[in-house]
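If you want the building blocks of each chain, they are given just below.
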Amino acid sequence: MQSFNLNNLLRPHILSLTPYSSARDEYTGKVGVFLDANENPIGSTTNTGDYNRYPDPHQWAIKQRLAPIKGVRPEQIFLGNGSDEPIDLLVRATCTPSQDNLLIMPPTYGMYEVSAAVNDVELVKVPLTPDFQVDTEAVLKAINSNTKLIWLCSPNNPSGNLLQADAIRTILEAARQSLVIVDEAYIDFADTPSWTTELDRYPNLVVLQTFSKAWGLAALRLGMCFASEELIQVLNKIKPPYNISAPTQSLALDALTHEAAKDEMVRQILTERQFLAEKLRSLPSVQVIYPSDANFLLVQFNDAKGIFEHLIEQQVIVRDRSKVKLCGGCLRISVGTRAENERLLSVLQAMDSSSVVDDLPLGTGEEAMKPEPVSNA
Ligand code: PMP
């Protein structure tokens, strides 16, 4: 087996880049007369607090508090403006446009493809199997010496399921010249340990998580990237200097002292996921409810488009995934509160009991999967 060498993966100019050095990099003390960063010394144009000083560019306080929660070292953490920021930085650090490629497994989260396109990087697509698992053999065949990044999303968006650990491990062990990124945005809703536990074993492993889902902080825009200290240093080198705002840092720091509240919300969402799945299962318009390890359900309907549009008329907004590979006829439904779920169900029930959808044809081709049991997780 070839050994992993990060330097072979990085674009040569990134390897030799001298990063921007901010005022707060050059002096880190907290007390003094700060005339070094061209800030406004007087105050801020808001009554809600003082924001006139630049924030810590390395977010050390958050990393110190987060590291023991995640079982990693602070130096193994990169924080981004949402996990979308490290998604883009990973592409920029490793993929030379018109030369390298990155591999994705559709149907999956759309930003991997967008980031490839923004950076003019070739995209290699190896579809998941019809039960939304990794086609390991096809992935290994598709990897070549220019494959810099392999994206795995587990639990996967939009299908909601965890990817099999064996498949991920096989890829980690075989693709020693690529970074293997496991996007765990929804991991808190799954009954399985994070891949962060394997970071010290696999130097090519990168794990993404986010404060946007279980922690309930989507508006703050705070994403986590866990990897080798060496790779984290590279991401720090190429990120905008002050990528996480001071309000986001202080709110996240506070949130991290309320882990039990996060756990309680997760429990509630899992109860609601079960409730929603059971109620949906009894509706004639529902064909398949895919097992979910996330905070949403992928549901195949007999008339996804008609139902999607009717739901919008009734001000219930779900995501139409019916045009996405392997998701024919499917809508993706985020698990709501009990009241929100009941509102969705009552609109669907009313539709089903009217004659509107009764006569519509069943889907064809990719849509025609057998109903799967609903996950109890
Ligand atoms: N990864 C996955 C799989 C997602 O579904 C999302 C958001 N829907 C993200 C990453 C981005 O999350 P963030 O809010 O941290 O940018």
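Cut-offs applied
Residues numbered from 1 in each chain as written. Predicted model: local features only at pLDDT ≥ 70, side-chain atom pairs only at ≥ 80, totals over all residues. Heavy atoms only, no water. Helix = DSSP H or I, 4+ residues; strand = E, 2+ residues; numbered from the N terminus. Rg over C-alpha atoms; globule rule 2.2 N^0.38 Å. Buried < 20%, exposed > 50% of the residue type's maximum accessible area, 1.4 Å probe, protein only. Contact = heavy atoms within 4.5 Å. Areas by Shrake-Rupley, 256 points an atom, 1.4 Å probe, with all protein chains shown as cover. Lys, Arg positive; Asp, Glu negative; His and termini not counted. Charge placed at Lys NZ, Arg CZ, Asp CG, Glu CD. Arc of directions from axis to C-beta. Domains from an automatic or database assignment. Buried area = accessible area lost by both parts, 1.4 Å probe. Salt bridge = Lys/Arg side-chain N within 4 Å of Asp/Glu carboxyl O. Polar contact = N/O pair within 3.5 Å; in protein donor to acceptor, adjacent residues only side chain to side chain. Near = heavy atom within 4 Å. Nonpolar A, V, L, I, M, F, W, Y, C, P; charged D, E, K, R; others polar. Disulfide = S-S within 2.5 Å. Phe/Tyr/Trp six-rings, centres within 6.5 Å; stacked < 30°, edge-to-face > 60°.

Enquirer: Explain the overall build of the chain residue by residue, including any values.
Expert: Helix and strand counts for the chain come out as 13 helices and 11 strands. In summary, the chain has a C-alpha radius of gyration of 23 Å against a globular reference of 21 Å for 377 residues, a match within 12%. Seen along its three principal axes, the alpha-carbon backbone of the chain occupies a region of about 75 × 55 × 35 Å. Per-residue burial for the chain yields a buried fraction of 51% across its 377 residues. By sequence separation, contacts in the chain at least 24 residues apart represent 70% of the contacts at least 6 residues apart. Of the roughly 17700 Å² of accessible surface on the chain, a fraction of 51% belongs to carbon and sulfur atoms. Positive and negative side-chain charges in the chain, numbering 33 and 46 respectively, have mean positions lying 2 Å apart.

Enquirer: An account of helix 6 (residues 111-118) is requested, with residue identities and associated values reported.
Expert: For helix 6, the complete set of buried residues consists of Tyr112, Ser115 and Ala116. End-on view of helix 6: buried residues confined to an arc of 100 degrees, all on one side of the axis. Seen from the buried face of helix 6, the exposed residues on the opposite side, beyond 90 degrees, are Ala117 and Val118. The inward-facing, buried residues of helix 6 abut helix 5 (84-94), strand 2 (101-104), strand 3 (122-125), strand 4 (147-153) and strand 5 (179-183). Positioned one or two residues after helix 6, Asp120 has a phi angle of 55 degrees, which is positive.

Enquirer: Report on the domain arrangement of the chain, specifying residues and quantitative values.
Expert: What the domain assignment reports for the chain is domain 1 (6-257) and domain 2 (260-358). In this structure, domain 1 and domain 2 have C-alpha centres spaced 30 Å apart. Counting residues at the interface gives 21 residues for domain 1 and 20 residues for domain 2. In total, domain 1 and domain 2 occlude about 1700 Å² of area from one another, counting both sides; carbon and sulfur atoms represent 70% of this. If you sort the residues of domain 1 by the area they bury against domain 2, Phe132, Pro158 and Phe189 come out on top, with a joint share of 37%. Summed over the shared surface of domain 1 and domain 2, the result is one salt bridge. For the interface between domain 1 and domain 2, the tally reads six residue pairs in polar contact (both at pLDDT 80 or more).

Enquirer: Please set out the site of the ligand residue by residue, giving values where relevant.
Expert: Neighbouring the ligand are 13 residues; Ser83, Asp183, Thr210, Ser212 and Arg221 lie closest to it. Lys213 is positioned with one of its side-chain polar atoms (N or O) 3.0 Å from a nitrogen atom of the ligand. Within the side chain of Arg221, a nitrogen or oxygen atom sits 2.7 Å from an oxygen atom of the ligand. Across the complex, the protein chains shield 91% of the 400 Å² of accessible surface that the ligand would expose by itself. Considering only residue class, the shell around the ligand consists of four nonpolar, five polar and four charged.

Enquirer: I'd like to hear about helix 10 (residues 246-255), residue by residue, with values.
Expert: Of the residues making up helix 10, those classed as buried are Thr248, Gln249, Ala252 and Ala255. On an axial view of helix 10, the arc spanned by its buried residues comes to 125 degrees, and they lie on one face. If you follow the buried residues of helix 10, they end up packed against helix 4 (60-70) and helix 11 (259-281).

Enquirer: Which residues make up the pattern of salt bridges, and what values do they have?
Expert: Where charged atoms from two side chains of opposite charge approach closely, those side chains can pair. Tallied over the full model, the rule gives 15 salt bridges. Counted as one network, the salt bridges with shared partners bring together Arg24, Asp36, Glu39 and Arg53.

Enquirer: I'd like to hear about the state of the cysteines, residue by residue, with values.
Expert: Applying the stated criterion across every chain, the model contains zero disulfides. Among the cysteines around Cys153, which has no disulfide bond, Cys327 carries the closest sulfur, lying 12 Å off. The exposure class assigned to Cys153 is buried, which follows from its relative accessible area of 4%.

Enquirer: Can you tell me about the environment of Tyr290, naming the residues and giving the values?
Expert: The topology assignment puts Tyr290 in the loop between strand 8 (286-289) and strand 9 (296-301). Exposure remark for Tyr290: the relative accessible area of 3% places this residue in the buried category. Spatially, the C-alpha atoms of Tyr290 and Lys323 are 17 Å apart, while their sequence positions differ by 33 residues.

Enquirer: I'd like a description of the packing of aromatic side chains, backed by residues and values.
Expert: Scanning the model with the defined rule gives seven aromatic pairs in all. Consider the rings of Tyr109 and Tyr112, whose centres lie 5.6 Å apart with planes at 85 degrees: the pair is edge-to-face. Residue classification places Tyr112 among the buried residues on the basis of a relative accessible area of 0%. Geometrically, the ring pair formed by Tyr112 and Trp151 is stacked, given 4.6 Å between the ring centres and 15 degrees between the ring planes. Placement of the pair is Tyr112 in helix 6 and Trp151 in strand 4, with a sequence separation of 39 residues. Trp151 shares its class with Tyr112; the two are buried.

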